[in-house]
Amino acid sequence: MALTEPQAKVLAALAKLEPSRALTVRELSSYAGRGEAATRVALRDLVESGLAHGSRTVPVGWRITDRGRSLLDARQYRELLARDGAVATNMNGAGR
């Protein structure tokens, strides 16, 4: 499955979280460098593809799935994760 750039950036931001952490759309938008509307569209597509999921609480916390992590092992996405390494340092302790 090929991801669009917004989907890849959102998924990469989620991949950098500790497994017990989740991000709201506002937090995720900031870390992914996308607007909230674009982030919501990317999340909708990622959820439909089984690559991300949201909590049932309000506000919703978003996480990457195991399938999403597996997809990011592809070369083009590993490069994205490495290139956006600064995001990882900003996300320590982020979310819930």
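What you see is a predicted model, and the numbers here were worked out from it, not measured in a lab.

**Examining the pattern of salt bridges**
Between side chains of opposite charge, a pair can form when the charged atoms approach closely.
Alright, step 1. All chains considered together, the criterion is met by five salt bridges.
Alright, step 2. With its nearest N and O atoms 3.8 Å apart, the salt bridge here joins R21 to E18.
Alright, step 3. In this structure R21 comes out as partly exposed when scored by relative accessible area, which is 24%.
Alright, step 4. Residue classification places E18 among the partly exposed residues on the basis of a relative accessible area of 42%.
Alright, step 5. A salt bridge links R44 to D45; its shortest N-O distance comes to 3.0 Å.
Alright, step 6. Through salt bridges with shared partners, a single ionic network connects R26, E36 and R40.

**Some remarks on the confidence of the model for the protein chain**
Alright, step 1. Looking at the protein chain as a whole, the pLDDT averages 83, with 82% of positions reaching at least 70.
Alright, step 2. Confidence over residues 86-96 falls short of pLDDT 50; this stretch has 26 contacts with residues more than four positions distant or in other chains.

**Considering the nonpolar core**
Alright, step 1. Of all hydrophobic cores here, the largest spans 22 residues; its most connected members are L3, V10, L11, L14, L28, L43 and L46.
Alright, step 2. For this core, the secondary structure elements donating two or more residues are α1 (5-15), α2 (25-32), α3 (36-48) and β2 (62-64).
Alright, step 3. Beyond its immediate stretch of four places on either side in the chain, L43 contacts V10, L14, V25, L28 and W62.

**Quick word on unusual backbone geometry**
Alright, step 1. That bond from V58 to P59 is cis: its omega, -5 degrees, falls within 30 degrees of zero.
Alright, step 2. By the element assignment, P59 lies in the loop between β1 (52-54) and β2.

**Comments concerning α1**
Alright, step 1. When you tally the buried positions in α1, you get eight out of 11 residues, the bulk of the element.
Alright, step 2. Of the positions making up α1, those classed as buried are Q7, A8, V10, L11, A12, A13, L14 and A15.

**A closer look at the packing of α2 against α3**
Axis angle and axis distance: for two packed helices, these are the angle between their axes and the distance between the axes, and together they describe the pair.
Alright, step 1. Closest axis-to-axis distance for the α2/α3 pair is 9 Å, and the angle between their directions is 100 degrees. What the angle tells us is that α2 and α3 run roughly perpendicular. Facing α2, whose interface residues are V25, R26, L28 and S29, α3 presents E36, T39, R40 and L43.
Alright, step 2. Its residues assigned to classes, the contact of α2 with α3 shows three nonpolar, two polar and three charged.

**Describing α3**
Each turn of an α-helix holds 3.6 residues, which means side chains three or four residues apart point in the same direction.
Alright, step 1. Taking 1.5 Å as the rise per residue, α3 with 13 residues should run 18 Å; its terminal C-alpha atoms sit 18 Å apart, in good agreement.
Alright, step 2. All buried positions along α3 are accounted for by T39, A42, L43 and L46. Taken end-on, α3 shows its buried residues confined to a sector of 105 degrees, consistent with a single buried face. Set apart from the buried face of α3 by more than 90 degrees, the exposed residues are A37 and E48.
Alright, step 3. Residues of α3 that are buried sit in contact with α1, α2, β1 and β2.

Rules and cut-offs
Residues numbered from 1 in each chain as written. Predicted model: local features only at pLDDT ≥ 70, side-chain atom pairs only at ≥ 80, totals over all residues. Heavy atoms only, no water. Salt bridge = Lys/Arg side-chain N within 4 Å of Asp/Glu carboxyl O. Buried < 20%, exposed > 50% of the residue type's maximum accessible area, 1.4 Å probe, protein only. pLDDT = per-residue confidence, 0-100. Contact = heavy atoms within 4.5 Å. Core = buried A, V, L, I, M, F, W, Y, C linked by side-chain atoms within 4.5 Å. Helix = DSSP H or I, 4+ residues; strand = E, 2+ residues; numbered from the N terminus. Axes fitted to C-alpha atoms, helices over the stretch in contact; angles between N-to-C directions. Parallel < 35°, antiparallel > 145°, perpendicular 65-115°, else oblique. Nonpolar A, V, L, I, M, F, W, Y, C, P; charged D, E, K, R; others polar. Expected span 1.5 Å × (residues − 1). Arc of directions from axis to C-beta.

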